[in-house]
Amino acid sequence: MALIEVCLALVVIVYLVYKWSTATFKTFEERKLYFEKPYPFVGNMASSALQTASFQKQITEFYERTRQHKLVGFFNMRIPMIQINDPELIKKICVKDFDHFPNHQLFISSNERLFNDMITVMRDQRWKHMRNTLTPVFTAAKMRNMFTLMNESFAECMQHLDGSSKTLPGRKGFEVDMKVLCNKLSNDIIATTAFGLKVNSYDNPKNEFYEIGQSLVFSRGLQFFKFMLSTLVPKIFSLLKLSIFDSAKVDYFARLVVEAMQYREKHNITRPDMIQLLMEAKNESEDNWTDDEIVAQCFIFFFAAFENNSNLICTTTFELLHSPDVQERLYEEIIETKNALNGASLTYDAVQKMTYMDMVISESLRKWTLAAATDRFCSKDYTLTDDDGTKLFDFKVGDRINIPICGLHCDDRYFPEPRKFDPDRFSEERKGDMVPYTYLPFGVGPRSCIGNRYALMQVKGMLFNLLLHYKIEASPRTIKDLWGSARGFNFTPRSGFWMHLVPRK
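Residues numbered from 1 in each chain as written. Predicted model: local features only at pLDDT ≥ 70, side-chain atom pairs only at ≥ 80, totals over all residues. Heavy atoms only, no water.

Labelled according to an unreviewed UniProt entry, the protein appears under the name Cytochrome P450 9b2, originating from Drosophila mauritiana. In its Function (unreviewed entry) section, the UniProt entry covering the protein states "May be involved in the metabolism of insect hormones and in the breakdown of synthetic insecticides." UniProt lists a comment for the protein under the heading Cofactor (unreviewed entry), and it reads "heme". (UniProt positions renumbered as here; feature names shortened; annotations may be inferred.)

In structure tokens, the structure reads:
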């Protein structure tokens with residue numbers, strides 16, 4: 001009898017959990033919006049949630065199946081979102097009528113120290129004030145000074161490669177996992193530009209900053225699982241006071257910044273890094289920002305810069321080894337730039353003048369979109385209409401909006417032969433043909449990425465130095481199908497980003 005009661009109880013529990021996992025699935029049926037059938041727990045995100053495909057591949061394939069609809073219902077796990085497939089409607093929601101959709105949705109519970117103080121998570125007036133505070137930090141003049149710090153990290157990276165001994169029999173040069181190399185570069189650049197620390201992850205790969213920083217990246221492994229869990233059951237996550245990140249490791253970074261600010265103020269020390277710029281911005285701002293609110297803006301580099309900047313270098317070099325003509329043309333521009341420097345170090349201004357470099361990276365950002373999607377949160381009821389005034393949809397407060405960036409980037413209506421790597425799409429002659437709001441590598445509208453200058457100068461500086469010294473070729477371990485093999489939030493193959501570097505004479 002007891003066994004029967006236990007079995008019945010389990011059946012009831014399983015039924016209730018199932019009903020809970022599908023409780024939101026009638027949302028779009030009731031609101032008369034087209035949607036694809038979702039699956040319990042994972043919604044329309046089965047492949048990426050189960051780590052059988054990348055987030056980018058999942059979003060792109062969903063977009064391709066539904067692009068004939070200007071708006072479509074999309075289930076991000078259990079969360080119903082209205083996906084905007086039409087560029088003109090994206091402009092309306094993210095720019096023209098921004099005051100109705102000024103915020104991002106909250107993906108992570110409030111238990112995480114620093115996370116909810118990052119500008120990307122802040123909301124309404126608090127976000128606006130922080131954006132105003134940070135805008136002067138990312139000007140060209142400030143980035144110009146910071147580039148000198150990056151140059152030191154580029155030099156250390158090249159020294160490490162010069163001393164590499166992993167040669168292949170019968171072949172000049174050596175094999176390298178570009179992902180490992182660029183992760184170390186990203187780490188060292190973030191350490192020096194954001195935290196005021198000098199580390200060399202090539203000579204000391206087990207340095208504390210690198211190991212703790214790696215544990216805070218949530219695009220894979222245990223961190224990814226906990227992130228998905230917090231998305232699926234945020235209330236339970238908060239109630240049980242669970243956290244995605246180890247609080248001791250978060251405290252380590254907070255302590256680094258606070259102690260550095262205190263030491264600099266006491267000894268009147270200045271350095272052209274993010275801590276210095278944030279200290280100046282804090283002093284000039286009328287807002288009384290707390291230490292945690294300032295520290296959080298340094299902390300964001302691990303979420304917005306660490307993986308993304310590293311992956312952008314990897315995907316670009318991956319394309320260059322498959323496109324020797326593009327690589328040679330870029331190398332010629334690099335030589336011209338080097339000659340124009342007359343023996344001086346590479347500068348921010350010199351990099352900015354490299355038009356073909358910009359075209360190559362722009363095309364890499366299109367084909368291998370780092371941010372698969374962006375989102376908005378409806379703060380005021382809003383009726384969306386077409387250009388002729390026809391009502392399309394009534395948004396309610398609390399509605400979540402999904403902008404499928406990678407889908408737009410791979411749409412052959414906007415980018416013919418989208419899987420072809422063609423930097424000339426971004427030439428002066430052709431980029432005027434681009435449909436507005438179809439190319440959104442750094443987001444869209446007032447909430448677009450504030451640090452795009454920082455990201456681009458790191459990637460351009462590394463590519464300049466790498467191609468100046470080496471020709472990039474395929475190695476026996478170069479991934480054959482990057483699109484199909486990548487998992488999680490980033491285009492990172494599990495087998496590594498292996499390439500062969502041949503020293504130039």
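Okay, back to it.
**Student:** Can you break down the overall build of the protein residue by residue, with the values?
**Tutor:** Check the secondary structure of the protein and you find 22 helices and 11 strands. Relative to a compact globule of 505 residues, whose C-alpha radius of gyration would be 23 Å, the protein shows 24 Å and is just as compact. If you line up the protein on its principal axes, its C-alpha atoms span 80 × 60 × 55 Å. Counting only residues that meet the buried cut, the protein has 56% of its 505 residues in that class. Once local pairs closer than 6 in sequence are excluded, the contacts in the protein between residues at least 24 apart make up 73%. Accessible surface computed for the protein: about 22,700 Å², of which carbon and sulfur atoms make up 55%. Counting 63 positive and 61 negative side-chain charges, the protein places the centres of these two groups 3 Å from one another. (Helix = DSSP H or I, 4+ residues; strand = E, 2+ residues; numbered from the N terminus. Rg over C-alpha atoms; globule rule 2.2 N^0.38 Å. Buried < 20%, exposed > 50% of the residue type's maximum accessible area, 1.4 Å probe, protein only. Contact = heavy atoms within 4.5 Å. Areas by Shrake-Rupley, 256 points an atom, 1.4 Å probe, with all protein chains shown as cover. Lys, Arg positive; Asp, Glu negative; His and termini not counted. Charge placed at Lys NZ, Arg CZ, Asp CG, Glu CD.)

**Student:** Which residues make up helix 4 (residues 55-66), and what values do they have?
**Tutor:** One turn of an α-helix holds 3.6 residues; hence residues three or four places apart share an orientation. Helix length check: helix 4, at 12 residues, gives a terminal C-alpha distance of 17 Å against a target of 16 Å (1.5 Å per residue), a fit within 8%. The buried fraction of helix 4 amounts to 9 of the 12 residues, a majority that puts the element mostly inside the structure. Inspection of helix 4 places Phe55, Gln56, Lys57, Gln58, Ile59, Thr60, Phe62, Tyr63 and Thr66 among the buried residues, and these make up the whole buried set. Where helix 4 is buried, its residues touch helix 3 (46-49), strand 1 (71-76), strand 2 (79-84), strand 7 (400-403), helix 20 (405-409) and helix 22 (482-485). (Expected span 1.5 Å × (residues − 1).)

**Student:** So what's going on with the sheet that holds strand 8 (residues 470-473)? Residues and values would help.
**Tutor:** Pairing is antiparallel in the open sheet, where 3 strands are placed in the order 3-11-8. Bordering the open sheet on either side are strand 3 (174-177) and strand 8, each of which pairs with just one other strand. Between one strand axis and the next, the sheet turns by 40° as a mean value, whatever way the strands run. With 4 bridges joining them, strand 8 and strand 11 (residues 498-503) adopt antiparallel strand pairing. By the bridge assignment for strand 11, Tyr470 is matched with Pro503. Relative to the sheet, helix 7 (residues 140-162) contacts strand 3, strand 8 and strand 11, its axis offset from that of strand 8 by approximately 70°. Relative to strand 11, helix 16 (residues 306-322) is tilted by about 65°, and along the sheet it contacts strand 8 and strand 11. (Pairing = 2+ DSSP bridges. Axes fitted to C-alpha atoms, helices over the stretch in contact; angles between N-to-C directions.)

**Student:** Run through helix 7, naming residues and quoting values.
**Tutor:** With 23 residues, helix 7 should reach 33 Å at 1.5 Å per residue; the first-to-last C-alpha distance of 32 Å fits that figure. Where helix 7 bends most, the angle comes to about 30°, and this point is Thr148. (Bend = angle between axes of the 7 residues up to and from the residue.)

**Student:** For the sheet that holds strand 7, give the residues involved together with the corresponding values.
**Tutor:** One open sheet accounts for 4 strands, arranged 1-2-7-4; its pairing is mixed. Of all strands in the sheet, those with a lone pairing partner are strand 1 and strand 4 (374-377), marking the two edges. Averaged over all pairs of adjacent strands, the angle between their axes in this sheet comes to 35°, without regard to strand direction. Pairing geometry for strand 1 and strand 2, over 6 bridges, is antiparallel. Bridged to Gly73 within strand 2 is Ile82. Packed on one face of the sheet, helix 4 meets strand 1, strand 2 and strand 7 and runs near 150° to strand 1. Strands in contact with helix 5 (residues 87-96) are strand 1, strand 2, strand 4 and strand 7; relative to strand 2, the strand with the most contacts, it is inclined by about 120°.

**Student:** Give a description of a nonpolar patch on the surface that names residues and reports values.
**Tutor:** Taken together, the side chains of Val6, Leu10, Ile13, Val17, Trp20 and Phe41 define a hydrophobic patch exposed on the protein surface, amounting to about 510 Å² of accessible area. Mapped onto the elements, Leu10 comes out in helix 1 (residues 2-21). (Patch = residues over 30% accessible without salt bridge, like charges linked within 9 Å, V, L, I, M, F, W, Y side chains within 5 Å. Salt bridge = Lys/Arg side-chain N within 4 Å of Asp/Glu carboxyl O.)

**Student:** Can you lay out the pairing of strand 4 for me, pointing to particular residues and giving the numbers?
**Tutor:** Alternating positions in strand 4 separate into two faces, Thr374 and Arg376 on one and Asp375 and Phe377 on the other, with burial throughout. Where strand 4 meets strand 7, 4 bridges bridge the pair, whose relative direction is antiparallel. Paired with Phe377 across the bridge in strand 7 is Arg400.

**Student:** Lay out the environment of Cys406 with the relevant residues and their values.
**Tutor:** By secondary structure assignment, the location of Cys406 is in helix 20. Residues Cys406 and Phe55, spaced 351 residues apart in sequence, show a C-alpha to C-alpha distance of 9.6 Å. Setting aside chain neighbours within four positions, we find Cys406 in contact with Gln56, Ile59, Thr60, Thr369 and Ala372.

**Student:** How would you sum up unusual backbone geometry? Please name residues and give values.
**Tutor:** One can expect most non-glycine residues to show negative phi and most peptide bonds to be in trans. Of note, Gln51 is a non-glycine position whose phi angle comes to about 60°, a positive value. Among the structural elements, Gln51 can be located in the loop between helix 3 and helix 4. Backbone geometry at Asn342 places phi at a positive 55°, although glycine is not the residue there. One can find Asn342 in the loop between helix 17 (324-341) and helix 18 (348-352).

**Student:** Explain the packing of helix 8 (residues 178-194) against helix 16 to me, and be specific about the residues and the numbers.
**Tutor:** For the pair helix 8 and helix 16, interaxial distance at closest approach is 9 Å and the crossing angle is 140°. It follows that helix 8 is oblique to helix 16 by the angle criterion. Once helix 8 is placed against helix 16, the crossing between them reads as right-handed. Here Met178, Lys179, Cys182, Asn183, Leu185, Ser186, Asn187 and Ile190 of helix 8 come into contact with helix 16, specifically with Phe306, Glu307, Asn309, Ser310, Asn311, Ile313, Cys314 and Thr317. Taken together, the residues of the contact of helix 8 with helix 16 break down into 7 nonpolar, 7 polar and 2 charged. (Parallel < 35°, antiparallel > 145°, perpendicular 65-115°, else oblique. Left-handed = near helix turned anticlockwise from the far one by under 90°. Nonpolar A, V, L, I, M, F, W, Y, C, P; charged D, E, K, R; others polar.)

**Student:** Please set out the pairing of strand 5 (residues 382-385) residue by residue, giving values where relevant.
**Tutor:** On strand 5, burial follows the alternation: Tyr382 and Leu384 on one face are buried, whereas Thr383 and Thr385 on the facing-out side are not. Summarising the sheet, strand 5 and strand 6 (residues 391-395) pair through 4 bridges and their orientation is antiparallel. From the neighbouring strand, Tyr382 faces strand 6, where its bridge partner is Phe395. Hairpin geometry of strand 5 and strand 6 is characterised by an intervening segment of 5 residues between the two adjacent antiparallel strands and by a positive phi of about 90° at Gly389.

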